[in-house]
Amino acid sequence: MTGQEAHTYSHYLRNIHDAILVGIGTVLDDDPELTTRLVEGKNPVRIVLDSRARIPLTAKVLQGDAKTVVVTGPKADADTCDKLQRLKNVEVVTLPCENGKISVSALLQSLYEHEITSVLVEGGSEVLGSFLDSQTADRVYAFIAPKLVGGTHALPSVGGRGIERMSQCATVVEPELLTLGKDWLITGRVTF
């Protein structure tokens, strides 16, 4: 949706973080590589939240030299987990679930134990909502393209539980606006 400048900047953001994280929905819908191929530098560890081990063994995120961690839940398909574990540069980590989703607190503890201290959460909607619901987001990077889309069945940018009153919302402080070609990037610290 965004142009080349914004796309390149998103790869820069991947490069400066230890890991990049998406949910299985993003993998199934977009089949991303999650690498930094548009900028010089290291690839982040690629993390896929997949509580039931539904990831196709042919997914791009499982290919190449970058390390991938597939985070599954206790009810994940054992046969798929075994096949994933045999792939080059792929590690399977099983963590507890809360309401069918990987526990964010258990995930962050596991990443810390693996010396991963900065994670770029690229989404999608429910994954972003999980990090806001658990109040573990530190900073937001919102890319905005001058395109209007939507519809009755369109997902919101951020899912999750949501809030009952505006006084309960997370806020972005020290906001910055960056122009990237025809697009914009709004960034700032998140406070709860």
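Keep in mind the model is a prediction, meaning the values are calculated, not measured.

A. View of the overall build of the protein chain. Within the protein chain one finds five helices and 10 strands. Projected onto its principal axes, the C-alpha positions of the protein chain cover 45 × 40 × 35 Å. For the protein chain, the proportion of its 192 residues judged to be buried stands at 37%. A separation of at least 24 residues holds for 61% of the contacts in the protein chain among residues at least 6 apart in sequence.

B. Examining unusual backbone geometry more closely. A cis amide bond, omega 10°, links Gly-123 with the succeeding residue Gly-124. Phi at Glu-174 takes a positive value of approximately 50°, unusual for a residue other than glycine.

C. Structural context of the side chain of His-11. Tracing the chain through its elements places His-11 in helix H1 (residues 4-15). The residues contacting His-11, other than those within four sequence positions of it, are Thr-35, Thr-36, Arg-37, Leu-38 and Val-39.

D. Quick look at the pattern of salt bridges. Taken as a whole and assessed by the stated rule, the structure comprises nine salt bridges. Asp-65 serves as the salt-bridge partner of Lys-88, at 3.3 Å between the closest nitrogen and oxygen. With Lys-88 in the loop between helix H3 (78-85) and strand E4 (90-94) and Asp-65 in the loop between strand E2 (45-49) and strand E3 (68-72), this pair connects stretches of sequence that are 23 residues apart. Asp-82 serves as the salt-bridge partner of Arg-86, at 2.2 Å between the closest nitrogen and oxygen. The exposure class of Asp-82 is partly exposed, given its relative accessible area of 38%.

E. Structural detail: the side chain of Ser-125. As for its position among the elements, Ser-125 is in helix H5 (residues 125-133). Looking at Ser-125, its side chain comes within polar contact range of the main-chain oxygen of Pro-156, at 2.9 Å. Setting aside residues up to four positions removed in sequence, Ser-125 forms contacts with Leu-155, Pro-156, Ser-157, Val-158 and Gly-159.

F. Examining the pairing of strand E1 (residues 19-23) more closely. Within E1, five of the five residues are buried, which leaves the element mostly enclosed by the surrounding structure. Of the two faces of E1, the one lined by Ala-19, Leu-21 and Gly-23 and the one lined by Ile-20 and Val-22 are each fully buried. Relative to E2, E1 runs parallel, the two being bridged by five bridges. If you follow Gly-23 over to E2, its bridge partner there is Leu-49. As a crossover connection, the stretch from E1 through helix H2 (residues 24-30) into E2 is right-handed.

G. Layout of H5. Taken together, the buried positions of H5 are Ser-125, Val-127, Gly-129, Ser-130 and Phe-131. Looking at the packing, one finds that the buried side of H5 touches E1, E2, strand E6 (101-102), helix H4 (104-113) and strand E7 (119-123). Following H5 by one or two positions, Gln-135 adopts a phi angle in the positive range, close to 55°.

Conventions and cut-offs
- Residues numbered from 1 in each chain as written.
- Predicted model: local features only at pLDDT ≥ 70, side-chain atom pairs only at ≥ 80, totals over all residues.
- Heavy atoms only, no water.
- Helix = DSSP H or I, 4+ residues; strand = E, 2+ residues; numbered from the N terminus.
- Buried < 20%, exposed > 50% of the residue type's maximum accessible area, 1.4 Å probe, protein only.
- Contact = heavy atoms within 4.5 Å.
- Salt bridge = Lys/Arg side-chain N within 4 Å of Asp/Glu carboxyl O.
- Polar contact = N/O pair within 3.5 Å; in protein donor to acceptor, adjacent residues only side chain to side chain.
- Pairing = 2+ DSSP bridges.
- Right-handed = clockwise from strand over helix to strand, strands pointing away.

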